[in-house]
Amino acid sequence: MAYNCRATINLSMAHFDPEDSCNILISYGGRTYHLKAGSELERQQWLTALEVARAKALRMMRTLSGNRELQSMLTGDDSGDEEVPTHSDKGELQNTLSILSGKLDDLNTCNDLISKHGAALQRSLSELESLKIPVESGEKLKAVNERATLFRITSNAMINACRDFLDLAEVHSRKWQKVLQYEQEQRARLEETIEQLAKQHNSLERACRGGPSSFQSDNLSKGAKGENSDEDEDTEYFDAMEDSSFITVITNPKDSRAATGGNEASTVEAWNAEDHVFGNVSRAPSMPRKVKRRSRIPDKPNYNVNLWSIMKNCIGKELSKIPMPVNFNEPLSMLQRLTEDLEYHELLDKAVKCENSTEQMCFVAAFSVSSYSTTVNRIAKPFNPMLGETYELDQMEEMGLRSLCEQVSHHPPAAAHHVLSKNGWSLWQEITISSKFRGKHLSIMPLGAIHLEFEASGNHYIWRKSTSTVHNIIVGKLWIDQTGDIEIINHKTKDKCLLKFTPYSYFSKDYNRKVTGVVTDSKEKAHYVLSGSWDEKMECAKIIQSSHSSSSTEGKQKMVYQTLPAKLLWKKYPLPENAENMYYFSELALILNEPEEGVAPTDSRWRPDQRLMENGQWDEANAEKQRLEEKQRIIHRKRLEESGQDQLEEGKETDLHTPLWFEKKVDPFTGEKAYVYKGGYWEAKEQQNWSMCPNIF
C-alpha cells in the first residue's frame, strides 16, 4: 500500500468476486484482473486470505496511514528495550493499542467468515439428508467435504490470529508494567511534595500568628544590623511579616526606647500608652432605642432550583439585565446593602478624635475594609432597585447618623448615597455595579468614588471599592473572594494608603482573605503598616524605622519596616444566633427591612416582592417580581414616547429620569460627574409630604 508502481492493487478499494469454480475476479480502478486457482479449495483459500487482507487494509487506512513507526512494529521489529518509559513513550503506547485493536478486528473478520462457512456447511448437510439418488449423494458428499475443509482452514486462521494477539500482548506487557510503575512513582512523589508544601504552609502560618520565629528573626535582624551599624546589638525581634512589596519586623518596645532617642523615644512611649482612640475596639454604647428593633426574621425556606437551566443562557451578559427568580436573592435591596456598609460607623467616630491625619487614615482604611466583612457568607444576590426607589436609615439618636439612598439610573444600575453624622463627618458616593457572568464565576465590579469628609479638620478622603468574585457558580459550594487594590487619598494633606487584597491561592503561604497596606504622608514617608483580613479584623503598627532589604533573586529590593507591636483597629462582630437560617444577616442587616411608618412611599421597605420573600412566600414573590418589572418597562416606554425617541442608547437613561433627592454635579476632586444630595428629603419626612414621589410599586 505504501507504493504506487504499476500493477499495484489497493486492497482497501478492490472488489473480489468468484467467477467460477476455480477463477477469481478482482476489480480495481476500472481495471479487471482474472486469477485462476488449481482447485475450488485453493480458490476459496485465496478469497479468504484476500478478504482478511482487505479488512486489514481498511483499518490501516483509517488509523495508521503513513506511520513508519507502526510499520516497524507490524513487522515484529521489537528491540526488547526495557528502560523506564518517559513521556515520549505515549506515542508508542498509542500505536501498540492500535495494533492490538487491529488484531481484534482480525478476530472479528475470522469470526464472520466462520459464521458464513458454517452456515454453508449446514445447508450442505441439510441437502445431503434430502437426497435419494446415490450418484447425487457422492457429489454432495464431496461438497460437504470441501466445506468442512474450508471451515477447518478458517478456524486455523482464527486460531493463528488469536495466537498473534496473545504473543503481542505478552511482548508489550512488561512495558505496560513499567509505565504503570513509573506513573505510580510520579504520583507518590507529587503527593509527597504537596504534603511537604502543606506542612510548610501550616508552619509559616503558625509562625506569623503565634510566637517568635527564630529563623526569620535571626535572618532579618542580621540584615537590619548590617545596614544600621548604630543599632543596639541586644535588640529583640518578635516576628516578621512578609508582603509582596515590603517586610515588617516587630521589635521590642523597651529595646526601641533604648536604641532611639529624642522624638522617636517619645513616639514609642505615646504609642505604648493607653489612649482613647486605639484602646477600645468593642461596640460603642448607643443611646437607648425609642423603638424595640427585631432580632430575627423568618427562616429561609429550603427550595431546590436548577441553577444551570437558568444560567446557561446568561454567559457574557450584564447581570442586571438577566431575569432572575428570587431563589437566588436575599430579602434586601442593593440600596440596603449599601447602607449596611455603615455597620462599623464607630470607626469614623473614632477617626474624628485622632490628633493627626496619618492616624486618622488608619481608621478610614479599617472602615473601608470592614464593609466586606458581611460578604464572606452572603453569596445571595440583593434585589435590583426600581428606578426612583429610595431607602432611608434614620438612626440619629441610636447610631448618631442619617442615611439616604436613591436609585438614580436603571441601565446601567446606579445608586446615590448620602450619610450625615452628628459626630462631625459626612459620607457620600455614587455606585454603579458592573457585573459579568463568566461561566464558572461571577465578577462584580463597583464603579464610582466614595467621599468622606471630617468637618473639624477638613480632611477629605476618596477611595474606590475592590472587585468581588463569586466562585463555583455552576458546580461546587459557592464562595466569594475580594481582589485588587484600594487607594485612599486625603486630598487636603495628600496622605495615602494603599490596601492590597490578596486573592485566594491554593499554593500561597499567606492566610486566606489577607489585606495589607502602608500609610504614607505627602512626602511618601511611611508611618503605619496595616494588616489583617477583610472578614475578621484589621491591625495597625507604628513604623519607627525604614530601610531597604538586600536584592532578591529577581533583582528587586523590598522595604523593611521596623514597627512597634500592632494594635487592633477593627474586629468583626459575631453574627446573631441562628444566622445561618437567616441569610447570614448581621444585627444591622436584620433591621434594615423592618417595616417602619413615616418613610417615603418609594422606600425599599414597601417593595412587595421583597416582603413576600422575607416572609417565605417565594412563589408569590416571583409573580410579584415579574409584575413590577413589567410595570417598570411600561413606564420606560412611556418616557420614550414622550421624548419622541424609539429607543435609548446605553447609559442615556438619566436624560429621561430626574431623581428627586439627588442632582448631578462635577466632582471637583475627580473631575467626574456624580450625583450628590441636594436636600429636601428629611424636611419632607418631617412634614410627611410625599406628594412628589412616583408610584413605583
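Structural notes, computed from the coordinates. (Residues numbered from 1 in each chain as written. Predicted model: local features only at pLDDT ≥ 70, side-chain atom pairs only at ≥ 80, totals over all residues. Heavy atoms only, no water.)

What follows concerns the pattern of salt bridges. According to the stated counting rule, one finds 27 salt bridges in the structure shown. Here Arg605 and Glu596 are joined by a salt bridge, their closest N and O atoms 3.6 Å apart. Just as Arg605 is buried, Glu596 falls in that class too. Residues Glu663 and Lys665 are paired through a salt bridge, measuring 3.4 Å at the closest nitrogen-oxygen approach. Taking the relative accessible area as the measure of exposure, Lys665 reaches 46% and is therefore partly exposed. Through salt bridges with shared partners, a single network forms among Arg293, Glu594, Glu596, Asp603 and Arg605. (Salt bridge = Lys/Arg side-chain N within 4 Å of Asp/Glu carboxyl O. Buried < 20%, exposed > 50% of the residue type's maximum accessible area, 1.4 Å probe, protein only.)

Moving on to the environment of Glu594. Here Glu594 shows up in the loop between helix H12 (587-592) and helix H13 (608-614). We classify Glu594 as buried; its relative accessible area is 12%. Setting aside chain neighbours within four positions, we find Glu594 in contact with Lys292, Arg293, Arg294, Arg605 and Arg611. At 3.4 Å, the side chain of Glu594 and the backbone nitrogen of Arg294 are in polar contact. (Helix = DSSP H or I, 4+ residues; strand = E, 2+ residues; numbered from the N terminus. Contact = heavy atoms within 4.5 Å. Polar contact = N/O pair within 3.5 Å; in protein donor to acceptor, adjacent residues only side chain to side chain.)

A word on unusual backbone geometry. The peptide bond linking His411 to Pro412 adopts the cis configuration, its omega dihedral lying at 0°. For Pro412, the location among the structural elements is in the loop between strand E9 (401-410) and strand E10 (413-421). Even without being glycine, Asn578 reaches a positive phi, approximately 65°. Take Asn578: it is sitting in the loop between strand E22 (567-571) and H12. If you check the backbone angles, Gln688 has positive phi at about 55° while not being a glycine. Secondary-structure assignment places Gln688 in the segment after helix H15 (681-687).

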